[in-house]
Amino acid sequence: MVLTFFYRLFFLFLLIFISSPLTPLRAQGLEPTVSILPQPLDVGSPARVVISNFPLDVVISGRFDDKPIFFFPHNSSLIGLFGADIALAQGTYPLTLFWEGGKKSFEVVVKAKDYGVRDIKVPQSKVELSPEDLARSKKESDLTKAALAIKSPEKLWSGEFIEPVNSRVNSSFGRLTRLNGKLNSRPHAGADYLAPTGTPVKAPADGLVLLTGDHFFAGKSVYLDHGQGLISMYFHLSEIKVEEGLKIKKGQILGLTGQSGRVTGAHLHYGIYINGARIDPLVFRRLTSQLTASPPKPTSASKGL
Ligand SMILES: [Zn+2]
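Owing to the predicted nature of the structure, the values given are computational and were not obtained by experimental measurement. (Residues numbered from 1 in each chain as written. Predicted model: local features only at pLDDT ≥ 70, side-chain atom pairs only at ≥ 80, totals over all residues. Heavy atoms only, no water.)

*Asks:* So what's going on with the pattern of salt bridges? Which residues, and what values?
*Replies:* Summed over all chains, the structure comprises 13 salt bridges. The salt bridge involving arginine 136 is made with glutamate 140; its shortest N-O contact spans 2.7 Å. Linking arginine 136 with glutamate 140, this pair stays in helix α3 (residues 131-148), spanning 4 residues, or about one helical turn. For glutamate 140, a relative accessible area of 13% puts it in the buried group. Close ionic contact of aspartate 142 with lysine 138 constitutes a salt bridge, the shortest N to O distance being 2.9 Å. Of this pair, aspartate 142 and lysine 138 both sit in helix α3, separated by 4 residues, roughly a single helical turn. Taken together, the shared-partner salt bridges in this structure form one network comprising Glu160, Glu163 and Arg285. (Salt bridge = Lys/Arg side-chain N within 4 Å of Asp/Glu carboxyl O. Helix = DSSP H or I, 4+ residues; strand = E, 2+ residues; numbered from the N terminus. Buried < 20%, exposed > 50% of the residue type's maximum accessible area, 1.4 Å probe, protein only.)

Here it is as structure tokens:
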């Protein structure tokens, strides 16, 4: 009888021990090894936080410039992507990591970059908007902002981002625009590719169609959600070939290039946001190729730079 009681007690303790949350205990007192690359970081550029020597199953999150950083496992490390928004002022910003039982802050140096100025001429009605156009663009901007705030927790993409069209980049990211002779204080938040109307636009990576529309400035546009706050966008299309909610594979045709919206000619505007930070899609593609290069082949990784 007494023995049975002790057996019961033993199993009860065993059950409590097994079902107890072990993760915080394991994470407590642990110091992750953290590297933030690159440093300093150019305004308008993406960066990565690499965490090693830390249990991969411990939930870790981060924050930079009031925006979240999500992590995903990569080889034996955890990687989180973030960006210095194109409008971020030069300076030193804190980047903070949080995990159960711990918190640590780092400094990120953000450096100004001169992206240059471009001259663009468009009909004056597309600069000084009529009350109807103003109301329309405001409504569309609110719709877009709501879509951009979506942060699917799961990483949907893998491997290197491919080019959305196989043509020359015409206007680089970050330039200020002199619109009909007047300097616009908002920098160009994407890369423009010269492409004749009807050129197929490919998804650079797997994702979900977040939003499609025919907007005043962006024209016919497609927004892709790649998960964890990574969103890509394609503007001025002549035709949209996908629907909202559709799962997309890398290389799948999203639409055809055109000159819808506020444009001077046929081209593709390609933008990438990381949790709201507007970053250079070309630099982002290089970052994804660096991630794809596996550690056993260091030579191919350095070639990719
Ligand atoms: Zn553009």
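Picking up where we left off.
*Asks:* Run through α3, naming residues and quoting values.
*Replies:* Three or four residues apart is the spacing at which side chains of an α-helix point the same way, because the helix has 3.6 residues per turn. The terminal C-alpha atoms of α3 lie 25 Å apart, and with 18 residues this matches the ideal 26 Å at 1.5 Å per residue to within 8%. When we look at burial in α3, the residues that qualify are Ser137, Glu140, Thr144, Ala147 and Leu148. Viewed along the axis of α3, the buried residues span an arc of 90 degrees, placing them on a single side of the element. Along α3, the residues that are exposed and aim more than 90 degrees away from the buried face are Pro131, Lys138, Lys139 and Lys145. On its buried side, α3 packs onto β16 (207-215), β17 (219-225), β18 (230-240) and β21 (267-274). (Expected span 1.5 Å × (residues − 1). Arc of directions from axis to C-beta. Contact = heavy atoms within 4.5 Å.)

*Asks:* Could you give me a rundown of the sheet that holds strand β5 (residues 67-69), with the residues and numbers involved?
*Replies:* In space, the 5 strands of this open sheet follow the order β2-β9-β8-β4-β5, with mixed pairing throughout. The outermost strands of the open sheet, each flanked by one partner alone, are β2 (41-42) and β5. (Pairing = 2+ DSSP bridges.)

*Asks:* Please provide a residue-by-residue account of the sheet that holds strand β10 (residues 117-120), values included.
*Replies:* Read across the sheet, 3 strands follow the order β10-β12-β13 without closing on themselves; strand pairing throughout is mixed. The open sheet has two edge strands, β10 and β13 (182-184), and neither has a second partner. Taken pair by pair, the neighbouring strands of this sheet meet at an average axis angle of 30 degrees, ignoring direction. Pairing of strand β12 (residues 176-179) with β13 involves 3 bridges; the strand directions are antiparallel. When the bridges of β13 are listed, arginine 178 appears paired with leucine 183. (Axes fitted to C-alpha atoms, helices over the stretch in contact; angles between N-to-C directions.)

*Asks:* Tell me about the layout of surface pockets, and name the residues and values.
*Replies:* Approximately 1,400 Å³ is the volume attributed to the largest pocket. Together, 42 residues line the largest pocket, and Arg186, Phe217, Phe235, Arg262 and His269 are the ones closest to its centre. The dominant element in the lining of the largest pocket, judged by the number of residues it contributes, is α3, at 8 residues. Its residues assigned to classes, the lining of the largest pocket comprises 18 nonpolar, 14 polar and 10 charged. In this structure, the second largest pocket occupies an estimated 260 Å³ of space. Lining the second largest pocket are 15 residues, with Pro38, Pro46, Val283, Arg286 and Gln290 sitting closest to its centre. Its residues assigned to classes, the lining of the second largest pocket comprises 8 nonpolar, 2 polar and 5 charged. Counting residues domain by domain, the lining of the second largest pocket receives three or more from each of domain 1 (23-113) and domain 2 (117-290). (1 Å grid on protein atoms, 1.4 Å probe; cavity = no way out; pocket = protein on both sides within 12 Å on 5 of 7 lines; lining within 4 Å. Points joined across faces, edges and corners; volume = space filled by probe spheres on them. Nonpolar A, V, L, I, M, F, W, Y, C, P; charged D, E, K, R; others polar. Domains from an automatic or database assignment.)

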